[in-house]
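Each chain, letter by letter, is given below.
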Amino acid sequence: MISIINNIKTVKIKSLVTSKSREEIKYSVLTAMVILTFSIMTIHPDYYILGAKTGIKFCGNILIPSLFPFMFLTSFIIKSGISKKLSKMVSPIIKFLFYLPGCAGPTIILSFLGGYPVGAKGVKDLYDEKLINDEQAERMLYFTVGSGPAFAVSIVGMGLLNDYRCGLIIFISQVLSIILIGIFLGINARIKKTSFYDQKLNIKNDNQNIVINSIIKSSYDTAINIINMCALIIIFCCLISISKHTGLINILCLALSSINVSENISENIIPIIFEVTSACNQCINLKLPLELISFSLGWAGLCIHFQIFSIIEDIKISYLKFILFRIIHGLLSFLITKAFINYYTISTLTFSNFQKINSLPTSTSFLGSISLLITCLCFIITIHKDSECHRK
C-alpha cells in the first residue's frame, strides 16, 4: 500500500515537472522570437516601417470608413432595444434555421452586411444584455464571421480584380458558408437537446434619454473596438513585411516544395495565415485561382481572429473549435466558389495594383477617417464630463 502511494506521488511530481518544463519551453521560445524580432527591427527599421505604412493606409482608407458605421449600427440596434422589436418578425426563421432566439436575427443579418468583427460585436452586446446565454453566444461566434460586401465586392472584386462579378461570387460563397455552418450548429444543439434560452425583456418606453444614452455608449464601444482592430492590423502587417524581407517565406517555400506544393501557393501561405488583405493582394499578384481568394476570406487570418478575441474576452469559447470552424468556412467558400465558376463562364480577369483601392467610392481619405475617430472620442469625453457636472 505504501509503495502504491509512493508511486502515485512520483507520477504527480513527474507530471508537475513536465508541465513546468513545457511552460518554460514556451516562454523561452516566445522570448527568443521577441528578441529576434526586436533585433531585426533595430538593424533594419525599413522592414517594419514599410509594413506599418501599409497597415495604416489600409485602416485609414478602408477599415474605418467601411466598418465604423456598421459596428455602430449593430451596437445601437441592440442597446436601444430596436433588436427586441425586430426579433418578433424574424424569430420563427432564426429559431427554425439556427435554433436561436429572435433577438439574434439582426446581429446575424448585420454580420453578413458589415463584415468580420461586426458579428462578434453584436454577439458581445447581446450577451452583455443577457439576451443570449453562454452556449448560444459560443455557437453564434462560430458562424457569424465572414466578409461583408464592402470588402468582398468593392475592395476585392472592383478594386483588386476589376470585376464586380468575382467579388459578388466570393460574397455569396461567404454568406452560404455561414448559413450552412449555422444550420449545422443548430441541428447539433437540437440533437444534444440543449435547452432553448429566450429571455423576454420589456422595453422601457418611459426613458426619454434611451436614444441619447444608446448613441453615446455605441459610439464609445465602436471607437474602442476600431482602435484595437487598427493596432492589430498594423502589427500583423509589420510581421508580414519582416517575414518577406528576412527570407522567412523563402525558407517556407523550400520546405513545402519537398512535399510537392507549388511555389506560388507556398509564397502565399504566410499572408493567408496572418492577414486577409495581404493574402488577397498576394493571390492576385501571383495570379492564383479565385477559389483560393475565397478560402482566404473564409479563414479570415489570425489578425481578424485576434480582433474578435479582443471583443469577446468575457465570453467562454473554445479557441480550437473557433479555428476549426474558420478552416471549415474557408473550405466551404472554396468549394462553393469553384461550383459558381464551373457553372458560370467568367471572362479573363484584369489584375490591378493594390494601390488603386484608394479610388473606390467606398473609400475615403486617411485624414477623414482619423478625424472621425478623434471627433467621436472628443464627443464622448465631453458628454462624460457634462454628466459628471450634473451629478455634482
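Considering the side chain of Thr107
- With respect to the helices and strands, Thr107 occurs in helix α4 (residues 104–114).
- The exposure class assigned to Thr107 is buried, which follows from its relative accessible area of 1%.
- With residues near it in sequence (within four places) discarded, Thr107 still touches Ile78, Gly119, Gly122, Val123, Leu126 and Met140.

Remarks on the nonpolar core
- Counting 77 residues, the largest nonpolar core has Ile108, Met140, Phe143, Ile293, Leu297 and Ile312 as the members making the most contacts within it.
- Sort the elements by how many residues they give to this core and helix α2 (residues 45–79) lands first, with 10 residues.
- Residue contacts for Phe143: discarding those within four places in its chain leaves Phe98, Leu100, Ile108, Ile178, Ile181, Gly182 and Leu185.

Let's talk about the state of the cysteines
- Going through the model one piece at a time under the given rule, you end up with zero disulfides.
- Cys280 takes part in no disulfide bond, and the closest cysteine sulfur, belonging to Cys283, lies 6.4 Å away.

Examining the environment of Phe68
- By the secondary structure assignment, Phe68 is in helix α2.
- Overall, the relative accessible area of 8% leaves Phe68 in the buried class.

Describing the environment of Phe70
- The topology assignment puts Phe70 in helix α2.
- By relative accessible area, Phe70 is classed as partly exposed at 25%.
- Considering only alpha carbons, one finds Phe70 and Ser111, 41 residues apart in sequence, at a separation of 8.9 Å.

Some words on the packing of helix α8 (residues 164–191) against helix α13 (residues 290–299)
- Orientation of α8 relative to α13, taken along the N-to-C sense of each, is 45°, at an axis distance of 10 Å. By the criterion of interaxial angle, the relationship of α8 to α13 is oblique. Both α8 and α13 take part in a crossing whose hand is right-handed. Judged by residue contacts, Cys166, Ile170, Ser173 and Gln174 of α8 engage Leu290, Ile293, Ser294, Leu297 and Gly298 from α13.
- Within the contact of α8 with α13, the residues separate by chemical class into five nonpolar, four polar and no charged.

Details of unusual backbone geometry
- The backbone phi angle of Lys130 is positive, close to 60°, even though this residue is not glycine.
- One can find Lys130 in the loop between α5 (116–128) and α6 (134–143).
- Residue Lys130 is classed as exposed on the basis of its relative accessible area, which comes to 59%.
- Positive phi, close to 55°, is recorded for Lys193, a residue that is not glycine.
- Tracing the backbone shows Lys193 in the loop between α8 and α9 (210–245).
- Assessed through its relative accessible area of 75%, Lys193 is described here as exposed.

About the cut-offs
- Residues numbered from 1 in each chain as written.
- Predicted model: local features only at pLDDT ≥ 70, side-chain atom pairs only at ≥ 80, totals over all residues.
- Heavy atoms only, no water.
- Helix = DSSP H or I, 4+ residues; strand = E, 2+ residues; numbered from the N terminus.
- Buried < 20%, exposed > 50% of the residue type's maximum accessible area, 1.4 Å probe, protein only.
- Contact = heavy atoms within 4.5 Å.
- Core = buried A, V, L, I, M, F, W, Y, C linked by side-chain atoms within 4.5 Å.
- Disulfide = S-S within 2.5 Å.
- Axes fitted to C-alpha atoms, helices over the stretch in contact; angles between N-to-C directions.
- Parallel < 35°, antiparallel > 145°, perpendicular 65-115°, else oblique.
- Left-handed = near helix turned anticlockwise from the far one by under 90°.
- Nonpolar A, V, L, I, M, F, W, Y, C, P; charged D, E, K, R; others polar.

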